Amino acid sequence: PGNGYDVPIYKKPDDLVSFDPATEKQLNLKYGRKVQGKPTEYFTRREIEEGALRGRGLEIVWLKSWVDAFFIHVQGSGRIRFEDGSTMRLAYGAKTGQPYTGIGGLLVERGILTKDNMSMQALRKWMKDNPGSARELMWENKSFVFFREVKVDDPALGAPGAQKVSLTPLRSMAIDRSLWMFGTPIWLDAKVPSGPAGEMQSFRHLMIAQDTGTAIKGHVRGDVYWGWGDKASLIAGHMKSPGTMIVLLPKNLATSLLNAR
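Here the residue numbering is sequential within each chain, running from 1 through the sequence in written order. The model is predicted, so local features are restricted to residues of pLDDT at least 70 and side-chain atom pairs to those at 80 or more, both for listing and for counting; the totals for chains, interfaces and linings are taken over all residues. To get the side-chain values, all heavy atoms of the structure are used, and hydrogens and water are removed first.

Draft legend 1. Region of the structure containing the pairing of strand 11 (residues 200-211). Judged from the three bridges that link them, strand 9 (residues 172-174) and strand 11 form a sheet pairing that is parallel. Bridging across to strand 11, Ser172 finds its partner in Ile208. A strand pair is defined by DSSP finding two or more bridges across the two strands. Per the convention used, a helix needs a DSSP run of H or I reaching at least four residues, while a strand needs a run of E reaching at least two, with both numbered from the N terminus. With nine bridges joining them, strand 10 (residues 185-193) and strand 11 adopt antiparallel strand pairing. By the bridge assignment, Leu188 is partnered in strand 11 with His205.

Shown next as structure tokens:
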């Protein structure tokens, strides 16, 4: 820390625990902590960022920007580039169990941005132009993510997904884990903002379900892994297209599901 690097990325704390089914149902929380033996919710994003975990030796690395740290939380993984040119790979470690709130949606609800002009880039610009309000906005998403450092020999490999494999750009997809199994092949037909001037182009690919995320809910909701770097960031930041998902299942399973309807 120091010299402008004052934003910590944390590893999982020892007092973060998974609750048993009865406690989860009672508190409506899957994760939390115990205080004097009593289960309770874990610290919020604001409480953590204001020092709730300070002094416990949980820091993996320090960043310059709260906004950069926030987006690593949203993405669930990241690459940290040091001043000497070396890199560190971060993978998802755990989350607090606090509710996730999409802050871009809050700005749309409040009339600050619109659905048409909302993108990761537009959100970042607003946060840069309004640093004080941006900090307050980020705190409205109480969810907080912890990370772990991963050693990857081949820098061309993608981020590790929830299936415990390196994700493949344009082929790996995040799905609602409560509805679909990892490894499921999915045919995706959509439009992608990847033309020279940002125009929409056809995207028709066979994908494999290899990741998941807190905000991914529903049978036909999914996130494509675009990779890393400026081009991937540009596509991912503007991607919000409707499309068609066709899940490919073994014939016997598909028939049994149809008969059960």
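Structure's up, so let's keep going.
Draft legend 2. Fine view of the environment of Gly158. Here Gly158 lies in the loop between strand 8 (145-150) and strand 9. Taking the C-alpha atoms as reference points, Gly158 and Ile175, separated by 17 residues in sequence, lie 17 Å from one another.

Draft legend 3. The arrangement of a nonpolar patch on the surface in detail. Residues Leu206, Ile246 and Leu248 make up a contiguous nonpolar surface patch of about 230 Å² in total accessible area. Residue position: Leu248 is located in the loop between strand 13 (243-247) and helix 8 (251-260). Only residues above 30% relative accessible area that lack a salt bridge enter a patch, with like-charged residues linked at up to 9 Å and the nonpolar side chains Val, Leu, Ile, Met, Phe, Trp and Tyr linked at up to 5 Å. In these tables, accessible area is a Shrake-Rupley quantity obtained with a 1.4 Å probe, and a residue counts as shielded only by the protein chains included in the view. Here a salt bridge means any side-chain nitrogen of Lys or Arg lying within 4 Å of a carboxyl oxygen belonging to Asp or Glu.

Draft legend 4. Fine view of unusual backbone geometry. Its identity is not glycine, yet Asn28 carries a phi of approximately 60 degrees, on the positive side. Along the polypeptide, Asn28 turns up in the loop between helix 1 (21-27) and strand 3 (31-35). Of note, the phi angle at Lys164 is positive, near 70 degrees, even though the residue is not glycine. Structurally, Lys164 can be placed in the loop between strand 8 and strand 9.

Draft legend 5. Region of interest: the packing of helix 3 (residues 66-75) against helix 5 (residues 120-129). Note on geometry: axes are C-alpha line fits, over the in-contact stretch for helices, and angles between N-to-C directions span 0 to 180 degrees. The geometry of helix 3 relative to helix 5 is characterised by a closest axis approach of 11 Å and an angle of 150 degrees between their N-to-C directions. As far as their axial angle goes, helix 5 and helix 3 are roughly antiparallel. Judged by the twist between their axes, the crossing of helix 3 over helix 5 is right-handed. Note on element contacts: helix 5 touches helix 3 through Met120, Leu123, Arg124 and Met127, opposite Val67, Asp68, Phe71 and Gln75. Residues belonging to the contact of helix 3 with helix 5 are distributed by class as follows: five nonpolar, one polar and two charged. Under this scheme an angle from 65 to 115 degrees is roughly perpendicular, one under 35 degrees roughly parallel, and one over 145 degrees roughly antiparallel; angles in between are oblique. Handedness of a crossing follows from how the near helix is turned relative to the far one, being left-handed for an anticlockwise turn of less than a right angle and right-handed for a clockwise one. By the convention used here, residues are in contact when the closest approach between their heavy atoms is within 4.5 Å. Three residue categories are used. Nonpolar comprises Ala, Val, Leu, Ile, Met, Phe, Trp, Tyr, Cys and Pro, charged comprises Asp, Glu, Lys and Arg, and polar comprises the others, including Gly.

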